Amino acid sequence: FHRTLSVTMKAQYLATVNATLSLLWFRVLYYSQLPMVVEEKTPLYQALVATAAIEIMHSMLRISKSPLLPILLFNTVRLGVEYWVASAAASYTCVPHTLMIIAWALGDGIRFACFALLSAFDSDFPKHIRYNVGPLVFPVGAFAEAWLVVHVANQQQTNDVHRYLLYAAACLWPVGFYPLY
């Protein structure tokens, strides 16, 4: 009985957290369609990127089945791109950043919704959705991340070291893409 209760509580917790993250990502997707409010909604988006790192905690504590290293790489790249690279862009409304927001919001809205459904129901249907939509959206997001890195590097006029580090990071994007894809 105790084991069943703890499994049920864990499933309810994961369903709630994942459903909440899914709804928040879909809200970001809605706002990303309105260019005049993207600049204003950036704090919501940045906070959501940071709170999505809860996946790291879930993996470390084995609350979820997600392997730690890919989750760590995935979230570290996202945090770095949003907080280090995008903050150096001349505008958050530049095309690569907007495309990245749309790809991340669509992909994670669906991904977290599938996680929530898998936690709440005994069905393989959410896996089919995730594994059919993810391969379409993930490359778009990865391309937009690399494009944003190059875009920001091209804007750097005073710091050659920073610019060359960004170009090097953009060249390494395919290396990190493969294990996450």
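Further up the page is the structure itself.
Each chain has its residues counted from 1, running along the sequence as written. Only residues with pLDDT of at least 70 get local features here, since the model is predicted, and only at 80 or more are side-chain atom pairs given and counted; chain-wide, interface and lining totals rely on the full set of residues. Excluded from the side-chain calculations are hydrogens and water; all other atoms, namely the structure's heavy atoms, are used.

A. The arrangement of the packing of helix H5 (residues 95–120) against helix H6 (residues 125–155) in detail. Between H5 and H6, the shortest axis-to-axis distance is 8 Å and the interhelical angle comes to 155°. Relative to H6, H5 is oriented roughly antiparallel. Two packed elements cross with a definite hand, and for H5 against H6 that hand is left-handed. When residues are sorted by character, Ala, Val, Leu, Ile, Met, Phe, Trp, Tyr, Cys and Pro go into the nonpolar class, Asp, Glu, Lys and Arg into the charged class, and all the rest, Gly among them, into the polar class. When its residues are assigned to classes, the contact of H5 with H6 shows 21 nonpolar, 4 polar and 4 charged. To get an axis, fit a line to the C-alpha atoms, keeping to the stretch in contact for a helix; angles then go from 0 to 180 degrees between the N-to-C directions. The helix and strand labels rest on DSSP assignments: H or I over at least four residues marks a helix, E over at least two residues marks a strand, and numbering proceeds from the N terminus. For classification purposes, an angle smaller than 35 degrees is called roughly parallel, one larger than 145 roughly antiparallel, one from 65 to 115 roughly perpendicular, and anything else oblique. Two helices crossing with the near one rotated counterclockwise from the far one by less than a right angle form a left-handed crossing, whereas a clockwise rotation gives a right-handed crossing.

B. Summary view of the environment of Asn18. You can see Asn18 is positioned in helix H1 (residues 2–32). When the C-alpha atoms of Asn18 and Asp108 are compared, they prove to be 9.8 Å apart, with 90 residues separating the residues in sequence. Residue contacts are defined here by distance: any two heavy atoms, one from each residue, within 4.5 Å place the two residues in contact. Setting aside residues no more than four positions away along its own chain, Asn18 makes contact with Phe112, Ala113, Phe115, Ala116 and Ser119.

C. The arrangement of the packing of aromatic side chains in detail. Any two of the Phe, Tyr and Trp rings considered here, Trp counted by its six-membered ring, make a pair once their centres fall within 6.5 Å; the pair's planes then place it as stacked at under 30 degrees, edge-to-face at over 60, or tilted in between. Across all of its chains, the model carries 4 aromatic pairs by this definition. For the ring pair Phe112 and Phe115, a centre distance of 6.1 Å and an interplane angle of 80° mean the geometry is edge-to-face. With a gap of 3 residues between them, Phe112 and Phe115 both fall in helix H5, about one helical turn apart. Comparing Phe112 with Phe115 shows no difference in burial state: the two are buried. Ring centres 6.5 Å apart and planes at 45° place the aromatic pair Tyr164 and Tyr167 in the tilted group. Placement of both Tyr164 and Tyr167 in helix H7 (residues 160–180) is noted, with a separation of 3 residues, approximately one turn of the helix. On the basis of relative accessibility, which here comes to 26%, the residue Tyr167 falls in the partly exposed class. Geometry around Phe112 places Arg111 over its ring, the cationic atom sitting 4.6 Å from the centre. Throughout, exposure labels follow a simple rule: accessible area from a 1.4 Å probe, protein chains only, divided by the maximum for the residue type, with under 20% read as buried, over 50% as exposed, and the rest as partly exposed. A positively charged side chain is recorded as over a ring if its NZ (Lys) or CZ (Arg) lies within 6 Å of the ring centre. The angle to the ring normal must also be within 35 degrees.

D. Spotlight on the pattern of salt bridges. A pair is scored as a salt bridge if a Lys or Arg side-chain nitrogen falls within 4 Å of a carboxyl oxygen belonging to Asp or Glu. A full pass over the atoms with the stated rule returns 4 salt bridges. The partner of Asp108 in a salt bridge is Arg78, with the nearest N and O atoms 2.3 Å apart. Of this pair, Asp108 sits in helix H5 while Arg78 sits in helix H4 (residues 68–85), and the two are 30 residues apart along the sequence. The burial state of Asp108 is the same as that of Arg78; both residues are buried. A salt bridge links Arg111 to Asp108; the nearest nitrogen and oxygen atoms lie 2.9 Å apart.

E. Molecular detail of unusual backbone geometry. Despite not being glycine, Arg62 has its phi angle at roughly 60°, a positive value. Within the secondary structure, Arg62 is located in the loop between helix H3 (54–60) and H4. On the basis of relative accessible area, Arg62 is assigned to the exposed category, the value being 70%.

F. Region of interest: the nonpolar core. Grouped together as the largest cluster of nonpolar side chains are 29 residues, with contacts concentrated most on Trp25, Val28, Tyr45, Met100, Trp104 and Leu148. With 7 residues, H6 is the single largest residue contributor to this core. Only buried residues count toward a nonpolar core. Its members are Ala, Val, Leu, Ile, Met, Phe, Trp, Tyr and Cys residues joined through side-chain atoms within 4.5 Å.

G. Quick look at the environment of Ala142. Tracing the backbone through its elements, the reader meets Ala142 in helix H6. Along the chain, Ala142 and Phe177 lie 35 residues apart, while their C-alpha atoms are 7.2 Å from each other. When near neighbours in sequence (up to four residues on either side) are disregarded, Ala142 contacts Trp173 and Phe177.

H. Representation of H6. For a helix, the expected span equals 1.5 Å multiplied by the number of residues minus one. The end-to-end C-alpha distance of H6, which contains 31 residues, comes to 45 Å, matching closely the 45 Å that a straight helix rising 1.5 Å per residue would cover. To get the bend at a given residue, fit one axis to the seven residues ending there, fit another to the seven starting there, and take the angle between those axes. The largest bend along H6 measures about 40° and falls at Gly134, with the proline Pro135 one to four residues further on. Of the positions making up H6, those classed as buried are Pro126, Val137, Gly141, Ala142, Ala144, Glu145, Ala146, Leu148, Val149, Val152 and Ala153.

I. Geometry of the packing of H4 against H6. At a minimum axis separation of 11 Å, H4 and H6 run at an interaxial angle of 35°. For the pair H4 and H6, the crossing hand works out as left-handed. Packed against H4, whose contacting residues are Phe74, Val77, Val81 and Val85, the element H6 presents Phe138, Glu145, Leu148, Val149 and Val152 at the interface.

From the geometry alone we can't say anything about function, so treat these as descriptive.
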